[in-house]
2 protein chains.
Amino acid sequence: MSKQGWGQGSGDQPPNQRAAKRRAVLEAGARLFNDQGYEQTSLEEIAAALSITKRTIYYYVDSKEDILFGCHQLGLEFLGETMQQAQDETLPVLDRVQLLIRGYCAWVSGDLGATIAMVREHSLSPERQAELRESKGRVDHQLRALIAQGIEEGVLRPCDPRLVTAAIFGALNWIPHWNRVASPVPQEEIAEQYLSLMMQGLMPDSQQA
Amino acid sequence: MSKQGWGQGSGDQPPNQRAAKRRAVLEAGARLFNDQGYEQTSLEEIAAALSITKRTIYYYVDSKEDILFGCHQLGLEFLGETMQQAQDETLPVLDRVQLLIRGYCAWVSGDLGATIAMVREHSLSPERQAELRESKGRVDHQLRALIAQGIEEGVLRPCDPRLVTAAIFGALNWIPHWNRVASPVPQEEIAEQYLSLMMQGLMPDSQQA
DNA sequence: CGGTAATTACACTCATGAGTTACATCATTC
DNA sequence: GAATGATGTAACTCATGAGTGTAATTACCG
C-alpha cells in the first residue's frame, strides 16, 4: 500500500516529481494504447498498470485525450534530437539519410514513438490533429529534402522523393505492428536490413557500396 | 423514399440480392472504418451512408463485429486471386515477386483491402483474430518463400527474407494511411516507384535491370 | 389478389467508461 | 503539530452506442 514509488525513472528530486509522474502516466498510457488501442483502453486500466487510482491520474492530466496528446508531444520531442543530428549540413547526404532512418527506427521501436504509428488521430480534437500533422509533416519533409538533394548531387538515382519517402516511413511505421511480441527482433538488426534494402534501392547503378 | 436500389453493384437478379446487399453493407462499413476508425463508427452512420435504417442492417448481419470480420473475409478473398497468380511456378521468381507486390498494392488501395492495414484486430473475438492472422501469415509466407528462393537462385542478394518482407509489406500497408485523400496518387504510380526501390534494393550488384 | 420478404419507425434495455463530487487519509516539511 | 500536497474511497452523473422488440408499412412474386 505504499503510496510513492511509481514515478521516478531517473533520480529526480521532489520538485520534479510532478513532471516525472505525469510522464509515467503518459508512458503507461502509450504502452496500453499500443497494445490494445486507444478506445479499448480505459483509464482504470492505465491506473491499474501503475497501481494507482483513476482519481490520481486526473491529478496529473485533464482528460484521456490529454494523455494521448501528451504521448505524441513527448515522443516528438525525442524524435527532435534525431532530426537535429540529420540536419548537420557538413555531413554527406547519404550519411544524413542513414542517420535519420536509423534514428527513426529506434524511435518508433519505443512506446512513445510507436504511438504515432499505432494510434489513429481521430481521437484527438481537430486542432490537436492539425498540430500533429504539422510535426509529422516536418519529419517527412526532411527526408524528402535529403533525397531530393541526393538526386541533385548524383549520389542517388532519380526517383519521386515523395513516394520513396512514403515507402520508407511506411516500412518503419509498420515495425511496431509486427515486432511488439515476446521476443522482438532487435531494433538495430531491423535498421541494418532496412538500410541495405533502401540504400541500395536508392543508389544509382554505378556506386554500389 | 424508394426502398430498393442500394445493393446492386453488378446486375444480379433477386436470388442474389441478399448477398449483394450484405456486401454493400460490408463495403460501406469498410469505407467508414478506414476513414474514422472502427470504434468511432456507429451502425447508424453506416446505415446513413446507405440511406438505410440501423434495423435493416441487422437484417443482413448479426453484429458490428460481423461487419468488420466480413470486410476482412471478403477482402482476403480478392487477395487470393493475386496470390494464385504469383503461385505460378513456371514464371521467373523476380516476376512472381513483382506480381505479388503489384497485386497487393492495388488491393490495399481499395476499401476492403485497406481495412486490414487501417483497423487493428482488437475489436474481433480471439478466434476471429486467430483466423485473420492465419490468412495474413499465408501472404507473408508466400513473399518470404519467393525471396528465399530468389536468393538461392542467385537472382537476389543475400538478406533476411523475414525482415525484407516486413519492410515491403510495411511500406505497402502504410499506403492507405497517407493516400486516402481528395486526389490520391494513382495506385499504379505508387507500385512503379515502390517496385524500382525494392527490386533494385533486392538485386545483387551484378544484374541491375 | 394474397402472401411473403424487406424495410421502416421508434421506443427500449443495457453495458461501458469518462469525468466529477466530496471526503478521508497519509506524508512531508517547516 | 499544523499546513500543504498527494492519494485513496466510493458513489454518482451522464452520454453514447450496440442490440432488441414489436407493430406497421411497403415491395414483390406467383
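Everything that follows concerns the structure shown earlier in this document.
What you see is a predicted model; the values in this text were computed from it and never measured.

Enquirer: Teacher, can you tell me more about the interface of chain B and chain A here?
Expert: If you look at the interface, chain B gives 41 residues, while chain A gives 41 residues. Counting the surface lost from both chain B and chain A, the interface buries some 3,300 Å², and carbon and sulfur atoms represent 59% of this. The tally of links from chain B across to chain A stands at 0 salt bridges. At the boundary of chain B and chain A, one finds 19 residue pairs in polar contact (both at pLDDT 80 or more). Going through the elements one at a time, α1 (14-36), α6 (111-118), α8 (161-173), α9 (175-179) and α10 (187-202) of chain B are the ones with two or more residues in the side of chain B that touches chain A. Ranked by the residues each element gives to the side of chain B that touches chain A, the list is headed by α10 of chain B, at 10 residues. Among the residues forming the side of chain B that touches chain A, the class breakdown is 19 nonpolar, 14 polar and 8 charged.

Enquirer: Is there a simple way to explain the environment of I52 of chain A in this structure?
Expert: Residues and elements named next belong to chain A. One can find I52 in the loop between α2 (43-49) and α3 (54-57). Considering only alpha carbons, one finds I52 and E152, 100 residues apart in sequence, at a separation of 55 Å. Setting aside its immediate chain neighbours within four residues, I52 contacts W6, A47 and I57.

Enquirer: Help me understand the protein's contact with DNA strand D, please; the structure alone is not making it clear to me.
Expert: In the vicinity of DNA strand D there are 19 residues, among which K21, T56, Y59 and Y60 of chain A together with R55 of chain B approach most closely. When atoms of DNA strand D within 4 Å of the protein are sorted by moiety, sugar and phosphate together comprise 67%. In the environment of DNA strand D, a base nitrogen lies 2.7 Å from a nitrogen or oxygen atom belonging to the side chain of K54 of chain B. In the environment of DNA strand D, a phosphate oxygen lies 2.8 Å from a nitrogen or oxygen atom belonging to the backbone of K64 of chain B. The set of elements that each furnish at least two residues to the surface near DNA strand D consists of α3 of chain A together with α3 (54-60) of chain B. Among the residues forming the surface near DNA strand D, the class breakdown is 6 nonpolar, 6 polar and 7 charged.

Enquirer: Got a minute to help me understand the protein's contact with DNA strand C in this structure?
Expert: Around DNA strand C sit 19 residues, and of these R55 of chain A together with K21, T56, Y59 and Y60 of chain B come closest. Take the atoms of DNA strand C that sit within 4 Å of the protein: sugar and phosphate atoms are 71% of them. In this structure, a phosphate oxygen belonging to DNA strand C sits 3.3 Å away from a side-chain N or O atom of W6 of chain B. Of all the elements in the fold, those that place two or more residues in the surface near DNA strand C are α3 of chain A together with α3 of chain B. Here the surface near DNA strand C is composed, by residue class, of 6 nonpolar, 6 polar and 7 charged.

Criteria and cut-off values
- Residues numbered from 1 in each chain as written.
- Chains lettered and ligands numbered in written order.
- Predicted model: local features only at pLDDT ≥ 70, side-chain atom pairs only at ≥ 80, totals over all residues.
- Heavy atoms only, no water.
- Contact = heavy atoms within 4.5 Å.
- Buried area = accessible area lost by both parts, 1.4 Å probe.
- Salt bridge = Lys/Arg side-chain N within 4 Å of Asp/Glu carboxyl O.
- Polar contact = N/O pair within 3.5 Å; in protein donor to acceptor, adjacent residues only side chain to side chain.
- Helix = DSSP H or I, 4+ residues; strand = E, 2+ residues; numbered from the N terminus.
- Nonpolar A, V, L, I, M, F, W, Y, C, P; charged D, E, K, R; others polar.
- Near = heavy atom within 4 Å.

Function cannot be read off these values alone, since they describe shape.
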